[in-house]
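# Remarks on the overall topology
One letter stands for each residue in the lines below.
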Amino acid sequence: MGVFDTGDYVLIEVSHKAGRINVPRIAQTVLSLVSKEKKMVAVRGYGFKGIGLGVRIAHEIKMIENRFRYEMTFDTFEATESGSEQIQTSVQIVIIPPD
């Protein structure tokens, strides 16, 4: 798992090789970035496990909020890991703060 601040948005990348992660804690951090700091956050998961964890993070964010007022966009794409030629399906979920 990696976290990258690009300046325009924060990218959370979840690999298919990710170990145990604390989904509620990550969701709370993402929600704080979006609601308090008004930053866009992209949760990108690739491979079977990475996609599942990414979707769980997005679901947990929706469960935390009583009245969900953020926009989420979902996109799928193909990715390869550096040093490998195996193509993996990937999902990116972008959480956009309200105006």
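Just so it is clear, the structure is predicted and the values come from calculations on it, not from any experiment.

## Topic: the pattern of salt bridges
Inspection of the entire model under this criterion finds 2 salt bridges. Note that K39 and D5 form a salt bridge whose closest N and O atoms lie 3.2 Å from each other. Of this pair, K39 sits in the loop between α1 (23-35) and β3 (40-46) while D5 sits in strand β1 (residues 2-5); the two residues are 34 residues apart in sequence, bridging distant segments of the chain. The class for D5 is exposed, based on a relative accessible area of 54%. Notably, a salt bridge pairs R44 with E13, separated by 3.8 Å at the nearest N-O pair. In this pair, R44 is assigned in strand β3 and E13 in strand β2 (residues 9-14), connecting sequence segments 31 residues apart.

## What about the environment of P98?
On the secondary structure map, P98 appears in the segment after β5 (87-96). Accessibility expressed as a relative area gives 23% for P98, which makes it partly exposed. For the pair P98 and V34, spaced 64 residues apart in the sequence, the C-alpha separation amounts to 8.6 Å. When neighbours within four sequence positions are excluded, P98 is seen to be in contact with K38, R69 and Y70.

Cut-off values and rules
- Residues numbered from 1 in each chain as written.
- Predicted model: local features only at pLDDT ≥ 70, side-chain atom pairs only at ≥ 80, totals over all residues.
- Heavy atoms only, no water.
- Salt bridge = Lys/Arg side-chain N within 4 Å of Asp/Glu carboxyl O.
- Helix = DSSP H or I, 4+ residues; strand = E, 2+ residues; numbered from the N terminus.
- Buried < 20%, exposed > 50% of the residue type's maximum accessible area, 1.4 Å probe, protein only.
- Contact = heavy atoms within 4.5 Å.

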